[in-house]
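One-letter residues, chain by chain:
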Amino acid sequence: MERNQKEEVQALQDTIYVLGGKWKLPIINSICNGNHRFKEIKESIPGITSRMLSKELKDMELNNLVKRTEDRDAKVSILYESTTYCQSFGPIILEMIKWGISHRNHIKNREEKV
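Since this is a predicted model, take the numbers as computed values, not measurements.

Conventions we followed
- Along each chain, residue indices are assigned from 1 in the same order as the chain's sequence is written.
- This being a predicted model, a pLDDT of at least 70 is required before a residue's local features are given, and a value of 80 or more before pairs of side-chain atoms are given or counted; all residues contribute to the totals for chains, interfaces and linings.
- The side-chain figures draw on all heavy atoms in the structure; neither hydrogens nor water molecules are used.
- What makes a nonpolar core is a set of buried Ala, Val, Leu, Ile, Met, Phe, Trp, Tyr and Cys residues whose side-chain atoms join them at distances within 4.5 Å.
- Burial classification: accessible surface area is computed with a 1.4 Å probe over protein chains only, and a residue below 20% of its type maximum counts as buried, one above 50% as exposed, and the rest as partly exposed.
- A run of DSSP states H or I qualifies as a helix once it reaches four residues; a run of E qualifies as a strand once it reaches two. Both are numbered from the N-terminal end.
- Any two residues whose heavy atoms approach within 4.5 Å are treated as being in contact.
- Here an axis means a line fitted to C-alpha atoms, over the contact stretch when the element is a helix, while the angle between two N-to-C directions is reported on a 0 to 180 degree scale.
- To sort the angles, those under 35 degrees are grouped as roughly parallel, those over 145 as roughly antiparallel, those from 65 to 115 as roughly perpendicular, and the leftovers as oblique.
- Helix crossings are classified by the rotation of the near helix relative to the far one: an anticlockwise turn of less than a right angle makes the crossing left-handed, while a clockwise turn makes it right-handed.
- Throughout this entry, Asp, Glu, Lys and Arg are counted as charged residues, while Ala, Val, Leu, Ile, Met, Phe, Trp, Tyr, Cys and Pro are counted as nonpolar. The remaining residues, Gly among them, count as polar.
- Helices are assigned an expected span. That span is 1.5 Å times one less than the residue count.
- Think of the arc as the fan of directions from the helix axis to the C-beta atoms.

Focus on the nonpolar core
Counting residues in each nonpolar core, the largest one holds 17 residues, and the members touching the most others are Ile27, Ile28, Ile31, Ile41, Leu57, Leu65 and Val66. Elements represented by at least two residues in this core include exactly α2 (24–32) and α4 (50–62). With residues up to four places along the chain from it excluded, the contact list for isoleucine 27 reads Ile41, Ile45, Ile48, Leu53, Glu56, Leu57 and Met60.

Considerations on the packing of α2 against helix α6 (residues 90–113)
Relative orientation of the contacting elements α2 and α6 amounts to 110°, with a least axis distance of 11 Å. When the axes of α2 and α6 are compared, the pair comes out roughly perpendicular. As α2 runs across α6, the sense of the crossing is left-handed. Taking contact as the criterion, the partners of Leu25, Ile28 and Asn29 in α2 are, on α6, Ile93, Met96 and Ile97. Residue composition of the contact of α2 with α6, by class: five nonpolar, one polar and no charged.

Re α4
For α4, which comprises 13 residues, the first-to-last C-alpha distance of 18 Å matches the rise-based estimate of 18 Å (1.5 Å per residue) to within 8%. Regarding α4, the residues found buried are Leu53, Glu56, Leu57 and Met60. What you see down the axis of α4 is that its buried residues fit within an arc of 100°, all on one side. Residues of α4 that are exposed and point over 90 degrees away from its buried face: Arg51, Lys58 and Leu62. Where α4 is buried, its residues meet α2, α3 (38–44), β1 (66–70) and β2 (78–82). Among the residues trailing α4, asparagine 64 stands out with phi positive, at a value near 60°.

Some words on the packing of α2 against α4
The packing of two helices is summarised by the inter-axis angle and the distance between the axes. It is at 10 Å that the axes of α2 and α4 come closest, and there the two elements cross at 80°. Taken together, the axes of α2 and α4 are roughly perpendicular relative to one another. Where α2 approaches α4, its residues Lys24, Ile27, Ile28 and Ile31 are matched on the opposing element by Leu53, Glu56, Leu57, Asp59 and Met60. Class assignment for the residues of the contact of α2 with α4 results in six nonpolar, no polar and three charged.

Here you go:
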């Protein structure tokens with residue numbers, strides 16, 4: 001089957017547009033690891049500011065990656081959860097984590113040989 005380069009480039013650009021940047025994947029990873037409150041998510045991601053986390057969560061909500069639930073009567077009034085749509089990306093995130101670990105080891109081993 002012949003691959004459509006134009007379609008593939010568009011698909012990659014769409015993916016990077018929705019999930020690109022420094023913070024979106026760490027936020028998804030944090031939420032999928034059980035952090036559902038703003039403070040928990042912020043504390044689990046070194047270096048992210050409250051302003052940036054707020055902006056990214058709003059953007060991710062617009063792209064149907066995160067569901068924001070508000071319950072004024074509850075002790076924790078706002079919760080963030082990954083959507084089923086977001087969870088469909090889970091296996092890819094796990095592969096990216098594996099690749100990242102492997103890459104770090106590859107670079108470290110290469111530096112030791114020099």
